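# Commentary on secondary and tertiary structure
For reference, the chains in residue letters:
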Amino acid sequence: MAKVNEKVVTGKVRFSYANVFTPVASEEGKTPKYSVSIIIDKNDKETIAKLTAAFEKVKASSGTYFGGTVPKGLKGGLRDGDAEKDDAAYQGSFFINANSVQKPGVVDAEMNHIIDPSEFYSGCYGRASLTFYPYNSNGSKGIACGLGNLQKLADGDRLGGGTSAEEDFATV
């Protein structure tokens, strides 16, 4: 019952719900994890093809892991932001959520480690290394997306609202 894993490095994507410096528990009693929602523009055919191919490869190779056959309706893969999110940041995009119990490495475009949490935030752009793998837990079966490392390439408008102190006090 060996797991088949497949690693992918994305092209330029946008990050949302970025919890990459401090792990967060999704529910009370659950193990805290580092996580990020990765938003992929629907025009980025190369990244979409890489992610889809990795998902399909793990899915096709997971029959023995799932007890002989790949279950129908297997969970996982890219999700459609137009259909599933009422959020302008996700429109015209696919997205995938990735998480890990291990802290991801976070670097800038020059490969310098980012240690200040204000430098990597929901809304910035970059690349992500992701690992697809099968899971079978509590009756739920699917292909999960593990969070590897992150590289910030560019700033973007912060997601989730709010303003900076500079914006609030510039006119006072």
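An account of the accompanying structure is given in this report. Predicted, not measured: the structure shown is a model, and the values here were computed from it.

Among covalent bonds in proteins, the disulfide is the one between the sulfur atoms of two cysteines. Enumeration over the complete set of coordinates arrives at zero disulfides. Of the cysteine sulfurs around Cys 124, a residue in no disulfide, the closest is that of Cys 145, at 17 Å. Classification of Cys 124 as buried rests on a relative accessible area of 0%.

The buried fraction of strand S3 (residues 33-41) is high, at seven of nine residues. The sheet contact formed by strand S2 (residues 13-24) and S3 spans five bridges and is antiparallel. Each residue of the ladder has a partner; that of Phe 15, found in S3, is Ile 38. Of the strand pairs in this sheet, S3 and strand S5 (residues 93-100) are connected by eight bridges, and their pairing is antiparallel. In the sheet register, Ile 40 faces S5, and the bridge partner there is Phe 94.

Another point: the packing of aromatic side chains. The tally for this structure, following the rule as stated, stands at two aromatic pairs. Taken together, a centroid distance of 5.0 Å and an interplanar angle of 40 degrees make the contact between Phe 15 and Phe 120 tilted. With a gap of 105 residues between them, Phe 15 in strand S2 and Phe 120 in the loop between strand S6 (106-107) and strand S7 (125-137) connect regions that are remote in the sequence. Per residue, the accessibility class of Phe 15 equals that of Phe 120, and both read buried. Geometrically, the ring pair formed by Tyr 90 and Phe 95 is edge-to-face, given 5.2 Å between the ring centres and 85 degrees between the ring planes. Residues Tyr 90 and Phe 95 agree in their burial class; the two are buried. Sitting over the face of the ring of Tyr 125, Lys 12 holds its NZ or CZ atom 5.5 Å from the ring centroid. When the ring centre of Tyr 121 is taken as origin, the NZ or CZ atom of Arg 158, which lies over that ring, is 3.9 Å away.

Inspection of the entire model under this criterion finds five salt bridges. Glu 6 serves as the salt-bridge partner of Lys 57, at 3.3 Å between the closest nitrogen and oxygen. Here Glu 6 lies in strand S1 (residues 6-9) and Lys 57 lies in helix H1 (residues 45-61), a separation of 51 residues in the sequence. A salt bridge links Lys 42 to Asp 82, with the shortest nitrogen-to-oxygen separation between them at 2.6 Å. Of this pair, Lys 42 sits in the loop between S3 and H1 while Asp 82 is found in helix H2 (residues 81-84), placing the two residues 40 residues apart along the sequence. Taken together, the shared-partner salt bridges connect Lys 42, Asp 80 and Asp 82 into one network.

With a phi angle near 50 degrees, Tyr 17 is a residue other than glycine that sits in the positive phi range. Relative to the elements of secondary structure, Tyr 17 occurs in strand S2. Its identity as a non-glycine residue notwithstanding, Met 111 has a phi of 70 degrees, on the positive side. Structurally, Met 111 is set in the loop between S6 and S7.

Bringing the environment of Ala 18 into the picture now. Relative to the helices and strands, Ala 18 is located in strand S2. In sequence terms Ala 18 and Lys 57 are 39 residues apart; their C-alpha atoms lie 27 Å from each other. Not counting chain neighbours up to four residues away, the residues in contact with Ala 18 comprise Ser 35, Val 36, Phe 120, Tyr 121 and Ser 122.

Each value, and the rule that gives it
Residues numbered from 1 in each chain as written. Predicted model: local features only at pLDDT ≥ 70, side-chain atom pairs only at ≥ 80, totals over all residues. Heavy atoms only, no water. Disulfide = S-S within 2.5 Å. Buried < 20%, exposed > 50% of the residue type's maximum accessible area, 1.4 Å probe, protein only. Helix = DSSP H or I, 4+ residues; strand = E, 2+ residues; numbered from the N terminus. Pairing = 2+ DSSP bridges. Phe/Tyr/Trp six-rings, centres within 6.5 Å; stacked < 30°, edge-to-face > 60°. Lys NZ or Arg CZ within 6 Å of the ring centre and 35° of its normal. Salt bridge = Lys/Arg side-chain N within 4 Å of Asp/Glu carboxyl O. Contact = heavy atoms within 4.5 Å.

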